[in-house]
Amino acid sequence: MDRYCLALDLKNDPTLIAEYEHWHKAENGWPEIRQSILDANVTDMQIYRTGNRLFMIMEVGEQFDLLKKAKMDAENPKVLEWEKLMSKFQQPLPWAAEGEKWVLMDKIFDL
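In short, a report on the structure. (Residues numbered from 1 in each chain as written. Predicted model: local features only at pLDDT ≥ 70, side-chain atom pairs only at ≥ 80, totals over all residues. Heavy atoms only, no water.)

**Examining the overall build of the protein**
How we decide: The helix and strand labels rest on DSSP assignments: H or I over at least four residues marks a helix, E over at least two residues marks a strand, and numbering proceeds from the N terminus. Values of the radius of gyration come from C-alpha atoms, whereas the globule rule sets the reference at 2.2 Å times the count of residues to the power 0.38. Using a 1.4 Å probe on the protein chains alone, a residue whose accessible area is under 20% of its type maximum counts as buried, one over 50% counts as exposed, and one in between counts as partly exposed. Should any heavy atoms of two residues lie within 4.5 Å, those residues are considered in contact. For accessible areas, the Shrake-Rupley method is used with a probe of radius 1.4 Å. Any residue's cover is judged against the shown protein chains and nothing else. For the purpose of counting charges, residues Lys and Arg are taken to be positive, whereas Asp and Glu are taken to be negative. His and the chain ends are not included. Charge positions are represented by NZ for Lys, CZ for Arg, CG for Asp and CD for Glu.
Check the secondary structure of the protein and you find four helices and five strands. For 111 residues, the compact-globule estimate of 2.2 N^0.38 gives 13 Å, and the protein sits close to it at 14 Å. A principal-axis box enclosing the C-alpha atoms of the protein has dimensions of 40 × 35 × 30 Å. Here the protein holds 111 residues, and the buried ones make up 31% of them. Taking as baseline every contact in the protein between residues at least 6 positions apart, the subset at least 24 positions apart corresponds to 69%. For the protein, the computed accessible surface area is about 7,800 Å², with 54% contributed by carbon and sulfur atoms. Looking at the protein, you have 14 positive and 20 negative side-chain charges, and the mean spots of the two groups are 4 Å apart.

This is the structure in structure tokens:
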């Protein structure tokens, strides 16, 4: 089992942050998005927030491939619709590459 940790910022607006959290509650999430995550062999995903900074932990199975997931997402109209909706709330980290949203984090400590 591998783990990926990623970060992203939300626009620093309490109303937008509350709406973003609304969309991420189990009862408001889109089932097609959940299925697309599972189809990519993501076995667990959690998102945490402090202020306007988000931290995502993805645990993935052996068949997971980040590039394959990106390709699957780019070919899924429902994922594209979701990403368009989420872009209302999100802003790239200052060091993100052009067009990059979630940025992979480097592990710097392990107990």
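And the narrative resumes.
**Regarding the environment of asparagine 12**
Within the secondary structure layout, asparagine 12 lies in the loop between strand E1 (2-10) and helix H1 (14-23). Take asparagine 12: its relative accessible area is 65%, and that puts it in the exposed class. When near neighbours in sequence (up to four residues on either side) are disregarded, asparagine 12 contacts Ile17 and Asn52.

**Topic: the pairing of strand E2 (residues 42-50)**
Defined as follows: Strands are treated as partners if at least two bridges between them are detected by DSSP.
The pairing of E2 with strand E3 (residues 53-60) spans eight bridges and is antiparallel. Residue pairing for E3: isoleucine 47 is matched across the bridge by methionine 56. Hairpin connection between E2 and E3: a loop of two residues separates the two successive antiparallel strands, and glycine 51 in this loop has a positive phi of roughly 60°.

**Side note on the packing of aromatic side chains**
Two measures describe an aromatic ring pair: the distance that separates the ring centres and the angle between the ring planes. Put simply, the test is: The pairing test for Phe, Tyr and Trp rings, Trp by its six-membered ring, is centres within 6.5 Å, and the orientation test on the planes gives stacked under 30 degrees, edge-to-face over 60, and tilted for anything in between. A ring is considered to have a charge above it if a Lys NZ or an Arg CZ atom is located within 6 Å of its centre and within 35 degrees of its normal.
For the structure on display, the rule yields six aromatic pairs. Geometrically, the ring pair formed by tyrosine 20 and phenylalanine 89 is edge-to-face, given 5.8 Å between the ring centres and 70° between the ring planes. Of this pair, tyrosine 20 sits in helix H1 while phenylalanine 89 sits in the loop between helix H4 (77-86) and strand E4 (90-91), and the two are 69 residues apart along the sequence. Ring geometry for tryptophan 23 versus tryptophan 82: centroids 6.4 Å apart, planes at 90°, classification edge-to-face. Taken as a pair, tryptophan 23 in helix H1 and tryptophan 82 in helix H4 lie far apart in primary sequence, 59 residues in all. Take tryptophan 82: its relative accessible area is 8%, and that puts it in the buried class. Taken together, the aromatic side chains of Trp23, Trp30 and Trp82 make up a single cluster linked through ring pairs. Over the face of the ring belonging to tryptophan 30 we find lysine 78, whose NZ or CZ atom lies 4.9 Å from the ring centre.

**Quick look at the side chain of glutamine 90**
Test applied: The term polar contact refers here to a pair of N or O atoms within 3.5 Å; inside protein, the definition further demands a hydrogen-donor-capable atom paired with an acceptor-capable atom, and it admits residues adjacent in sequence only when both atoms are side-chain atoms.
Residue position: glutamine 90 is located in strand E4. Judged by its relative accessible area of 9%, glutamine 90 falls in the buried class. Separated by 2.6 Å, the side chains of glutamine 90 and lysine 101 make a polar contact. Contact partners of glutamine 90, with chain neighbours within four places excluded, come to Leu8, Asp9, Leu10, Lys11, Tyr20, Glu83, Lys101 and Trp102.

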